[in-house]
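Spelled out from the first residue to the last, the chains are:
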Amino acid sequence: MRLWVLAALVAMATAQLVNKNVNRVVDLTTQIAKVTAEVEVENSGASVVDVYEVVVDPSAVKHLSFVSVSEHGNELPVRKTSDGVYEATLSSSLSNGGKTSLVVTTTFTHSLEPYPRAINQPDNQLVRFHSNAYYYSVYSTVEQFSKFNLGSSKIESFTPRSPSNKESQTVKYGPYSNIPAKTSAKVIIHFENNSPFLTVTNLKRIVEVSHWGNIAVEEHYQLSHTGAKLKSQFSRLDFQRNPVGAPTAVKSFRTVLPASSKNVYYRDDIGNISTSNLRETDDANELEIRPRFPLFGDGRLSITSATACLVMRC
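Below you will find a few notes about this structure. It should be emphasised that the depicted structure is a prediction, and the values quoted were computed from it without experimental measurement. (Residues numbered from 1 in each chain as written. Predicted model: local features only at pLDDT ≥ 70, side-chain atom pairs only at ≥ 80, totals over all residues. Heavy atoms only, no water.)

The number of helices and strands found in the protein chain is two helices and 24 strands. Residue burial in the protein chain is summarised as follows: out of 314 residues, 44% are buried. The long-range fraction of contacts in the protein chain, counting pairs at least 24 apart against all pairs at least 6 apart in sequence, stands at 72%. A total of about 17,200 Å² of accessible surface is found on the protein chain, and carbon and sulfur atoms cover 51% of it. With 32 positive and 29 negative side-chain charges, the protein chain shows a separation of 5 Å between the mean positions of the two kinds. (Helix = DSSP H or I, 4+ residues; strand = E, 2+ residues; numbered from the N terminus. Buried < 20%, exposed > 50% of the residue type's maximum accessible area, 1.4 Å probe, protein only. Contact = heavy atoms within 4.5 Å. Areas by Shrake-Rupley, 256 points an atom, 1.4 Å probe, with all protein chains shown as cover. Lys, Arg positive; Asp, Glu negative; His and termini not counted. Charge placed at Lys NZ, Arg CZ, Asp CG, Glu CD.)

Written out as structure tokens, the structure is:
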């Protein structure tokens with residue numbers, strides 16, 4: 001009985017809120033899809049509402065990595081209620097006619113699909129992104145607009161849905177009016193993306209704290225290039241002749257260390273690697289790691305890095 005009453009109250013609160021305006025920006029310039037939605041919310045019901053429900057499009061739940069909601073620049077407490085469903089507690093309750101502005105941020109990994117799945121060494125990588133032309137919400141939306149930033153002007157195709165258009169490195173959908181709750185209109189954008197598709201498949205960290213106030217940290221990484229695979233074997237000769245002619249290759253990557261770190265080194269399965277660059281700043285040290293060989297699609301790499309620092313400064 002209590003569960004039924006609670007569900008009824010949640011449904012009532014959901015029906016009262018309305019998205020008056022949504023401005024959604026989807027950043028696809030890297031291997032990670034970051035969605036930022038600026039939402040103007042209004043309580044059109046008689047009851048007081050103190051939570052805003054965020055529902056991720058069911059087709060994207062398996063790729064979801066991060067969810068946050070802020071109100072007027074302040075981060076709100078977010079609670080997961082079920083897969084793809086989150087509740088953000090508002091800073092103050094909304095009575096009838098009450099309004100507020102929220103920024104809903106969601107991040108997705110492995111949502112960009114290399115297409116074709118295999119390419120030649122000098123080829124650019126093309127990817128497909130499956131999405132929704134509308135802002136997916138449990139609330140009805142009065143007005144909304146979406147912009148997809150691609151980071152490349154080479155756009156092979158995109159699903160038209162009036163009004164929609166392509167401008168330089170962006171694809172725009174909308175504005176759309178009076179969209180019912182949980183409306184979905186699938187779109188696919190096919191474009192060029194040569195950003196490093198680097199994934200840490202396994203990470204083991206060993207921390208040793210001494211009685212003398214020192215901390216030693218050793219990290220074992222297993223990395224994989226999850227972009228388009230090579231159709232044939234890697235050619236060192238072609239790469240030496242024209243390093244920029246391998247746009248999808250991961251030639252180096254960076255890791256951030258504490259500003260007080262010292263005795264930094266890294267190695268692979270063969271042994272120590274001398275090609276590195278440590279850039280020191282006031283806040284942190286940035287270590288650039290260059291593997292022995294450039295990493296292409298489906299390539300794998302094991303790296304061990306280590307550093308030490310004082311307990312009071314780590």
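Let us now look at the nonpolar core. With 48 residues, the main nonpolar core has Leu 28, Val 39, Tyr 52, Phe 129, Phe 148, Leu 150 and Phe 191 as its most contacted residues. Core analysis: the next-biggest nonpolar cluster, separate from the first, contains 12 residues, Leu 257, Tyr 266, Leu 295 and Leu 301 among them. (Core = buried A, V, L, I, M, F, W, Y, C linked by side-chain atoms within 4.5 Å.)

For Thr 141, the position within the fold is in strand β12 (residues 141–149). Here Asn 19 takes part through its side chain, which lies 3.3 Å from a polar atom of the side chain of Thr 141. When neighbours within four sequence positions are excluded, Thr 141 is seen to be in contact with Asn 19, Val 22, Ser 177, Asn 178 and Ile 179. (Polar contact = N/O pair within 3.5 Å; in protein donor to acceptor, adjacent residues only side chain to side chain.)

On to the pattern of salt bridges. Once their charged atoms are close, side chains differing in charge can pair, the charge on each being opposite to the other. According to the stated counting rule, one finds 13 salt bridges in the structure shown. Three or more residues are tied together by salt bridges with common partners; here these are Glu 113, Arg 117 and Arg 128. (Salt bridge = Lys/Arg side-chain N within 4 Å of Asp/Glu carboxyl O.)

Time to look at the layout of surface pockets. Here the largest pocket is characterised by a volume of approximately 590 Å³. If you trace the largest pocket, you find 29 residues lining it, with Asp 57, Ala 60, Phe 108, His 130 and Ser 131 closest to the centre. When contributions to the lining of the largest pocket are tallied by element, the ones reaching two or more residues are β1 (17–27), β2 (33–43), β3 (49–55), β8 (99–108), β9 (112–114), β11 (126–132) and β16 (186–192). Top element by residues in the lining of the largest pocket is β11. It accounts for four residues. Approximately 200 Å³ is the volume found for the second largest pocket. Taken together, Leu 198, Val 200, Leu 203, Tyr 221, Leu 223, Phe 253, Arg 254, Thr 255 and Ile 289 make up the full set of residues lining the second largest pocket. When residues of the lining of the second largest pocket are traced back to their parent elements, those giving at least two are β17 (198–209), β18 (214–225) and β20 (253–258). (1 Å grid on protein atoms, 1.4 Å probe; cavity = no way out; pocket = protein on both sides within 12 Å on 5 of 7 lines; lining within 4 Å. Points joined across faces, edges and corners; volume = space filled by probe spheres on them.)

Right, let's get into the pairing of strand β23 (residues 284–289). Counting buried positions over the six residues of β23 gives five, a clear majority of the element. Taken together, the six bridges between β20 and β23 define a ladder with antiparallel strand orientation. Residue Arg 254 lies in a different strand from β23, and its bridge partner there is Glu 288. (Pairing = 2+ DSSP bridges.)

Ordered in space as β9-β11-β16-β13, the four strands form an open sheet in which the pairing is antiparallel. The strands lining the two open edges of the sheet, one partner per strand, are β9 and β13 (155–158). Ignoring strand direction, the axes of neighbouring strands in this sheet form an average angle of 20°. Pairing of β11 with β16 involves seven bridges; the strand directions are antiparallel. The residue of β16 that forms the bridge with Leu 126 is Glu 192. (Axes fitted to C-alpha atoms, helices over the stretch in contact; angles between N-to-C directions.)

Most peptide bonds are trans, and most residues other than glycine sit at a negative phi. Cis geometry marks the peptide bond from Tyr 115 to Pro 116, where omega comes out at 10°. Tracing the backbone through its elements, the reader meets Pro 116 in the loop between β9 and β10 (118–119). Across the junction of Ser 162 and Pro 163, the peptide omega takes the value -10°, indicating a cis bond. Relative to the assigned elements, Pro 163 resides in the loop between β13 and β14 (164–167). Even without being glycine, His 110 reaches a positive phi, approximately 55°. Of note, His 110 is situated in the loop between β8 and β9.

Taken as a whole, this structure holds seven aromatic pairs when the rule is applied. Ring geometry for Phe 148 and Tyr 173: centres 5.8 Å apart, planes at 80°, overall edge-to-face. Linking Phe 148 in strand β12 with Tyr 173 in strand β15 (residues 170–179), this pair joins segments that are 25 residues apart in sequence. Of the aromatic side chains, those joined through ring pairs into one cluster are Phe 129, Phe 148, Phe 158 and Tyr 173. The cationic tip of Arg 128 hangs over the ring face of Tyr 115; the distance from NZ or CZ to the ring centre is 3.8 Å. (Phe/Tyr/Trp six-rings, centres within 6.5 Å; stacked < 30°, edge-to-face > 60°. Lys NZ or Arg CZ within 6 Å of the ring centre and 35° of its normal.)

Attention now goes to the environment of Ser 235. With respect to the helices and strands, the residue Ser 235 is situated in the loop between β19 (229–230) and α2 (236–241). Expressed as a C-alpha distance, the spacing of Ser 235 and Pro 58, which sit 177 residues apart in the sequence, is 42 Å. A distance of 3.2 Å separates the side chain of Ser 235 from the backbone nitrogen of Asp 238, its partner in a polar contact.

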